[in-house]
Amino acid sequence: MKKIIVAILMTVSMQVHAQWTGTWAAAAEFTGPGDMPASTLANRSLREIIHVSLGGNELRLKLSNEFSKEPVEILSLYIADALEGWEIQTKTAKYLTFGGKKNVTIEPGKAIYSDVIKYSLKPLQRLSITINYGQGVPVNATSHRGSRTTSYIIPGVSKPKSSFAEGEKVDHWYNIAALDVKGALPCVAVLGNSITDGRGSTTNKQNRWPDFLAEALQGQVGVLNLGIGGNSVVEGGLSEPAVKRFERDILDQSGLSALIIFEGVNDLGNSRHVEQTTARLVNAYERFIKEAKDKGMKVYLATITPFKGNGYHSYYHEAGRQYINDWIRNCKRVDGIIDFDQLVRDENEPDKLKKEYSEDWLHLNPAGYEAMGKYAASMMK
């Protein structure tokens, strides 16, 4: 494991001494009515929980209003070490500022960073972020729908000792987009869909495969999960396709030294013209590889996992998956191949997941995600 971490550190040394490195991130999305709180965010306090990878002593938080048409008014925001559920270690609570002020308004289509704050962030810890909203909030917030963690909402302006026990519960993140730590440290981003986002994982247990990857790397490498449920690479699917969101969600992250590309199953599963789809996927992968390499990153390609038993499966869709995986395994322009297909497929029925890893024959369960995370760490040399 030390060799893996050293290899990624060597990539960092090739960068232009990045001042900031991501320890957590989520892909921003438009929020439809079904993913908004039952009440409202106006004049309410929202407590959100994240699982970081790297630790650090100086932090900055990125907030996004990029998919909203109205400004979002924030009266104050504080962070604290998370305990169980909504509870926090109150003595660790610290308010963030924006241009020296506690309050900030984020214009539609924009994202902002907080001022730098000194905070003792431990590797792999859970951190709470509590936002006190003002009256002005968008009809459709900017969010990440697949948080796999519970957020808590109460009326009014909260303080660190406020109780959220009777609050509304939603399994979404709103407005938070990235957390950075000071320093040039190793960091890998994962471009993916719902398998990366954590469909099939356990809510509040932090057992998505990128969580297991961060743990296998011993909290010494930043791991940024930029998966989106239902997302496609080229077109269709949910939220912006990867070809459109790649610059914002990957290239704009702080201090990236490596990229894992693990996306394409939704393009294949929804395709009516598989041959055309595979050609477009290859073109997109080649573009991602070039743009990441131009930024000095290492690039890893991951094979697409089996889906027989799921509605995506047909003879033609499986042929497309085999074609893409063969192309990935023979790609000479990347630094490594992460063969998830070989790892999780049934030896006796290789177009199907191992039964012990399957959630619904497309997504994996926590046991499958644990195997994926540990395996990915072993392949990043």
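A.B. asks: Outline the overall build of the chain, listing residues and values.
C.D. replies: Across its full length, the chain carries nine helices and 20 strands. Computed over its C-alpha atoms, the radius of gyration of the chain comes to 20 Å, within 12% of the 21 Å expected for a compact globule of 381 residues. Viewed in the frame of its principal axes, the chain has a C-alpha envelope of about 55 × 45 × 35 Å. Counting all 381 residues of the chain, 59% fall into the buried class. In the chain, 81% of the contacts between residues at least 6 apart in sequence involve partners at least 24 apart.

A.B. asks: Please give an account of the packing of helix α6 (residues 274–294) against helix α7 (residues 315–329) that cites residues and values.
C.D. replies: Packing of α6 against α7 brings their axes to within 10 Å, and their N-to-C directions diverge by 25 degrees. Looking at the two axes, α6 sits roughly parallel to α7. Here α6 and α7 pass one another in a crossing that is right-handed. Taken together, the residues of α7 that come into contact with α6 (itself represented by V274, T278, L281, V282, Y285, E286 and I289) are Y316, H317, G320, Y323, I324 and W327. Classifying every residue of the contact of α6 with α7 gives nine nonpolar, three polar and one charged.

A.B. asks: Just give me the short version of the side chain of T278, but keep the residues and values in it.
C.D. replies: Tracing the backbone through its elements, the reader meets T278 in helix α6. Overall, T278 belongs to the buried group, its relative accessible area being 6%.

A.B. asks: Describe the packing of aromatic side chains, listing the residues and the values that go with them.
C.D. replies: One pair of aromatic rings is described through two measures. These are the centre distance and the angle between the planes. Following the criterion strictly, the structure yields 10 aromatic pairs and no others. Taken together, a centroid distance of 6.1 Å and an interplanar angle of 70 degrees make the contact between W209 and F262 edge-to-face. Of this pair, W209 sits in helix α3 (residues 209–216) while F262 sits in strand β18 (residues 258–262), and the two are 53 residues apart along the sequence. We note that W209, like F262, is buried. Here the aromatic rings of W209 and F340 are separated by 5.1 Å at their centres, their planes lie at 70 degrees, and the arrangement is edge-to-face. Placement of W209 in helix α3 and of F340 in helix α8 (residues 340–344) is noted, with a sequence separation of 131 residues between them. Site record: aromatic cluster; members linked through ring pairs are W209, F262, F340 and Y375. For the cation-ring pair, K102 lies above Y95, with the distance from its terminal atom to the ring centre recorded as 4.0 Å.

A.B. asks: Could you give an account of the sheet that holds strand β19 (residues 298–302), naming the residues involved and the relevant values?
C.D. replies: Backbone hydrogen bonds are what pair the strands of a sheet, in a parallel or an antiparallel way. Taken together, the five strands give an open sheet; going across it, the order is β17-β16-β18-β19-β20, and neighbouring strands pair in parallel fashion. At either margin of the open sheet sits one strand with a lone partner, and together these are β17 (222–227) and β20 (336–338). When the angles between neighbouring strand axes are averaged without regard to direction, this sheet yields 20 degrees. The pairing of β18 with β19 spans four bridges and is parallel. Within β19, the residue paired with I261 across the bridge is L301. On the sheet, α3 packs against β16 (187–192), β17 and β18 and is oriented at approximately 170 degrees with respect to β17.

A.B. asks: Report on the sheet that holds strand β11 (residues 142–144), specifying residues and quantitative values.
C.D. replies: Taking strand neighbours across the sheet as the criterion, the three strands line up as β2-β11-β14 in an open arrangement whose pairing is antiparallel. One side of each edge strand has no neighbouring strand; the edge strands of this open sheet are β2 (29–30) and β14 (173–174).

A.B. asks: Describe the pattern of salt bridges, with residues and values.
C.D. replies: One pass over the structure, following the stated rule, counts 24 salt bridges. Between D249 and R245 there is a salt bridge; the shortest N-O distance is 2.9 Å. With D249 and R245 both in helix α4 (residues 242–251), this residue pair falls four residues apart, about one helical turn. You can call D249 buried: its relative accessible area is 3%. Given the relative accessible area of 0%, R245 is considered buried. The salt bridge involving R345 is made with D341; its shortest N-O contact spans 3.1 Å. We classify R345 as partly exposed; its relative accessible area is 25%. Each of the salt bridges in this network shares a partner with another, and the network as a whole consists of E318, R321, D326, R329, D339, D341 and R345.

A.B. asks: With reference to specific residues and values, describe the packing of α4 against α6.
C.D. replies: Each pair of packed helices gets described by two things: the angle between the helix axes and the distance between those axes. Axis separation between α4 and α6 bottoms out at 11 Å; the angle between their running directions is 20 degrees. Classified by the angle their axes make, α4 and α6 are roughly parallel. Remark: the crossing between α4 and α6 carries right-handed chirality. Residue-level inspection shows A242, V243, F246 and L251 of α4 in contact with α6, the latter providing A284, R287, F288, E291 and A292. Taken together, the residues of the contact of α4 with α6 break down into seven nonpolar, no polar and two charged.

A.B. asks: Give a description of the pairing of β19 that names residues and reports values.
C.D. replies: Counted residue by residue, β19 has five buried out of five residues, so it is predominantly covered. Along β19, one buried face is formed by K298, Y300 and A302 and the opposite face, lined by V299 and L301, is buried too. As judged from the three bridges shared by β19 and β20, these two strands associate in the parallel manner. Bridge pairing links Y300 to G336 in β20.

The rules we used
- Residues numbered from 1 in each chain as written.
- Predicted model: local features only at pLDDT ≥ 70, side-chain atom pairs only at ≥ 80, totals over all residues.
- Heavy atoms only, no water.
- Helix = DSSP H or I, 4+ residues; strand = E, 2+ residues; numbered from the N terminus.
- Rg over C-alpha atoms; globule rule 2.2 N^0.38 Å.
- Buried < 20%, exposed > 50% of the residue type's maximum accessible area, 1.4 Å probe, protein only.
- Contact = heavy atoms within 4.5 Å.
- Axes fitted to C-alpha atoms, helices over the stretch in contact; angles between N-to-C directions.
- Parallel < 35°, antiparallel > 145°, perpendicular 65-115°, else oblique.
- Left-handed = near helix turned anticlockwise from the far one by under 90°.
- Nonpolar A, V, L, I, M, F, W, Y, C, P; charged D, E, K, R; others polar.
- Phe/Tyr/Trp six-rings, centres within 6.5 Å; stacked < 30°, edge-to-face > 60°.
- Lys NZ or Arg CZ within 6 Å of the ring centre and 35° of its normal.
- Pairing = 2+ DSSP bridges.
- Salt bridge = Lys/Arg side-chain N within 4 Å of Asp/Glu carboxyl O.

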